[in-house]
Amino acid sequence: MFNLRKSMALTLPLGEASDQDKWDNGGLERKRQLLIEIVLRSRLTALMVDGDTTCWVLKQELLRSYGVQTLGVDNGRDAIDLIASDAAFNLIIIEKILPVLNGLEVTRQICEIGMRCKMLAVTAYSGESERQAFLATSVDVFIEKPLDLEHLVPILRELDRQ
Amino acid sequence: MAASSTDPTQQLNDYIRTMHDQGILDDNFDQLLALRREQNPRFINELISMFTNDAEAYIAEITNALSLIEVNFSTIISKLHQLKGSTSGIGGHRMYQACCELRVAADDGDKDRCDELFLRVKEEFNTLKQCLDSISQMRSNIISNGTRSRRRRPL
């Protein structure tokens, strides 16, 4: 039995910024613009593999903002078992430090199973060797935490075109 | 002319700007603000609470690992990695920098340096926590006032 943190896809009405968050910071406006920059035509699914609650919730909210259906597990073994049970995803986002099986090993096993999808390593950066180690396991993109809109939007756009 | 300083929203904006200026918060906090959920205006406050609880747990585990006669650097590195990740997500810039410096000392297996830098991590966490708690409180007041205002509106 998996320890899943399921969430249903929602297309959220972003609406206009309320007075609560009027913030004359150009960075905030840029982020808001990125949130409405694309409207996905496809129903995309993403698996998040991260043992940290804050990071998991942040990624979930980012993806849900674009209507991506998300599923989450908090350890490497559950991620492998899920993939091995023929669950299919457009996108897998994986952290390096995980309980049971680390992210590098999970990525290798996912490749061995033959799962074809976009894989992002999103991890707290600890040096070039870590980046190279992940890229050697065939992840498509290595992103230093946190997953940001500037990286995510082009990836979602690409997946939506496929 | 600048908006009245008694306006709660302006006070919150000014406070966040000050936290940016002092390097306590960075652009990643802006990303949180952009994600504010219409259906759940308390989303940011809930996330702040989540971060604070998790960070305190990581700090407790690092404290234990550092206190051992044979320091467990592996545990320190692992918990620090997670603390760095969640701190970067919440936008805690100075605390994140402190974690990075501690990571170098842990990689080197330098206990004395770890002790010194871990003190700084804890100081920056306390600063960040106070900042985030203030933001949570101000947001709660704004949300409550907004709710009361809506109830007073004529049907």
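None of these values were measured; they are calculated from a predicted model. (Residues numbered from 1 in each chain as written. Chains lettered and ligands numbered in written order. Predicted model: local features only at pLDDT ≥ 70, side-chain atom pairs only at ≥ 80, totals over all residues. Heavy atoms only, no water.)

1. Here we look at the overall build of chain A
A tally of regular secondary structure across chain A gives 6 helices and 6 strands. What you see in chain A, going N to C, is helices and strands ordered as β-α-β-α-β-α-β-α-β-α-β-α. Residue burial in chain A is summarised as follows: out of 162 residues, 57% are buried. Carbon and sulfur atoms make up 49% of the accessible area of chain A, which totals about 7200 Å². (Helix = DSSP H or I, 4+ residues; strand = E, 2+ residues; numbered from the N terminus. Buried < 20%, exposed > 50% of the residue type's maximum accessible area, 1.4 Å probe, protein only. Areas by Shrake-Rupley, 256 points an atom, 1.4 Å probe, with all protein chains shown as cover.)

2. Observations concerning the nonpolar core
Leu63, Tyr66, Leu91 and Leu156 of chain A together with Leu83 of chain B are the most contacted members of the largest nonpolar core, which has 72 residues in total. Ignoring anything within four residues of it in the chain, the contact list for Leu83 of chain B reads Ala55, Tyr58, Ile59, Ile62, Met95, Cys99 and Val121 of chain B. (Core = buried A, V, L, I, M, F, W, Y, C linked by side-chain atoms within 4.5 Å. Contact = heavy atoms within 4.5 Å.)

3. Brief notes about empty space enclosed by the protein
Under the definition given, this model contains 2 cavities of 30 Å³ or more. Considering only enclosed or pocket space, the largest cavity measures out at about 90 Å³ in volume. Broken down by secondary-structure element, the contributors of at least two residues to the lining of the largest cavity are helix H2 (53–65) of chain A together with helix H2 (27–34) of chain B. Per-element accounting of the lining of the largest cavity gives the leading share, 4 residues, to H2 of chain A. Taken together, the residues that form the lining of the largest cavity break down as 7 nonpolar, 3 polar and 2 charged. (1 Å grid on protein atoms, 1.4 Å probe; cavity = no way out; pocket = protein on both sides within 12 Å on 5 of 7 lines; lining within 4 Å. Points joined across faces, edges and corners; volume = space filled by probe spheres on them. Nonpolar A, V, L, I, M, F, W, Y, C, P; charged D, E, K, R; others polar.)

4. Considerations on the UniProt feature "modified residue: Phosphohistidine" (unreviewed entry) in chain B
In this numbering, the UniProt entry assigns the feature "modified residue: Phosphohistidine" (unreviewed entry) to His81 of chain B. With respect to the helices, strands and loops of the structure, His81 of chain B is situated in helix H4 (residues 73–90). If we ignore the near neighbours within four places in the chain, the residues touching His81 of chain B are Glu95, Lys96, Ile97, Thr123, Ala124, Ser126 and Glu130 of chain A together with Arg103 of chain B. Looking at His81 of chain B, its side chain comes within polar contact range of the side chain of Glu95 of chain A, at 2.7 Å. (UniProt positions renumbered as here; feature names shortened; annotations may be inferred. Polar contact = N/O pair within 3.5 Å; in protein donor to acceptor, adjacent residues only side chain to side chain.)

5. Concerning the UniProt feature "domain: Response regulatory" (unreviewed entry) in chain A
Look at the UniProt record and you will see "domain: Response regulatory" (unreviewed entry) annotated at residues 45–160 of chain A. Taken end to end, residues 45–160 of chain A has its terminal C-alpha atoms 11 Å apart, with 47% of it in helix and 21% in strand.

6. Remarks on the environment of Arg131 of chain A
Residues and elements named next belong to chain A. Within the secondary structure, Arg131 is located in helix H5 (residues 128–136). Sequence spacing of Arg131 and His151 is 20 residues, and the spatial spacing of their C-alpha atoms is 16 Å. What Arg131 contacts, discounting residues up to four positions off in sequence, is Tyr125 and Phe142.

7. Focus on the UniProt feature "domain: HPt" (unreviewed entry) in chain B
What UniProt calls "domain: HPt" (unreviewed entry) maps, in this numbering, to residues 40–142 of chain B. For the annotated span residues 40–142 of chain B, helix accounts for 87% and strand for 0% of the residues, and the straight-line distance between the end C-alpha atoms is 14 Å.

8. Description of the packing of aromatic side chains
Residues and elements named next belong to chain A. In the structure shown here, the tally under the stated rule is 2 aromatic pairs over all chains. On the numbers, 6.1 Å between centres and 55 degrees between planes, the contact of Phe134 with Phe142 is tilted. Of the two residues, Phe134 and Phe142, both sit in the buried class. (Phe/Tyr/Trp six-rings, centres within 6.5 Å; stacked < 30°, edge-to-face > 60°.)

9. Some thoughts on unusual backbone geometry
Residues and elements named next belong to chain A. A cis amide bond links Lys145 to the next residue, Pro146, at an omega of 0 degrees. Residue placement: Pro146 occurs in the loop between strand S6 (141–144) and helix H6 (149–161). Look at Val100: it is not a glycine, yet its phi comes out positive at around 75 degrees. Residue placement: Val100 occurs in the loop between strand S4 (91–94) and helix H4 (103–113). A residue is classified by how much of its surface remains accessible, and Val100, at 66% relative accessible area, is exposed. For Ser138, which is not glycine, the phi torsion reads 80 degrees and is therefore positive.

10. Describing the confidence of the model for chain A
Of the residues in chain A, 84% have a pLDDT of 70 or more, and the chain-wide mean is 81. Taken as a whole, residues 1–24 of chain A scores under 50 in pLDDT and shows 65 contacts with residues more than four places along the chain or in a different chain. (pLDDT = per-residue confidence, 0-100.)

11. What about the pairing of strand S3 (residues 69–73) of chain A?
Consecutive residues of a regular strand have side chains that alternate between opposite faces of the sheet. Residues and elements named next belong to chain A. Counting buried positions along S3 yields 4 of 5 residues, so the element is predominantly enclosed. Here 5 bridges tie strand S2 (residues 45–49) to S3, and the two strands are oriented parallel to one another. Each bridged residue has a counterpart across the sheet, and for Val49 the counterpart in S3 is Val73. (Pairing = 2+ DSSP bridges.)

12. Here we look at the environment of Glu116 of chain B
Residues and elements named next belong to chain B. If you trace the backbone, Glu116 turns up in helix H6 (residues 111–152). It is 40 Å that separates the C-alpha atoms of Glu116 and Ile142, two residues lying 26 residues apart in sequence. In this structure the side chain of Glu116 is engaged in a polar contact, spanning 2.9 Å, whose partner is the side chain of Arg113.

13. Digging into helix H1 (residues 8–21) of chain B
Residue and element names in this part refer to chain B. With 14 residues, H1 extends 20 Å from end C-alpha to end C-alpha; this agrees with the ideal 20 Å at 1.5 Å per step. Within the span of H1, buried status applies to Thr9, Leu12, Asn13, Ile16, Met19 and His20. Axial view of H1: buried residues confined to an arc of 125 degrees, hence all on one face. Positive phi shows up at Gly23, right after H1, with a value of about 80 degrees. (Expected span 1.5 Å × (residues − 1). Arc of directions from axis to C-beta.)

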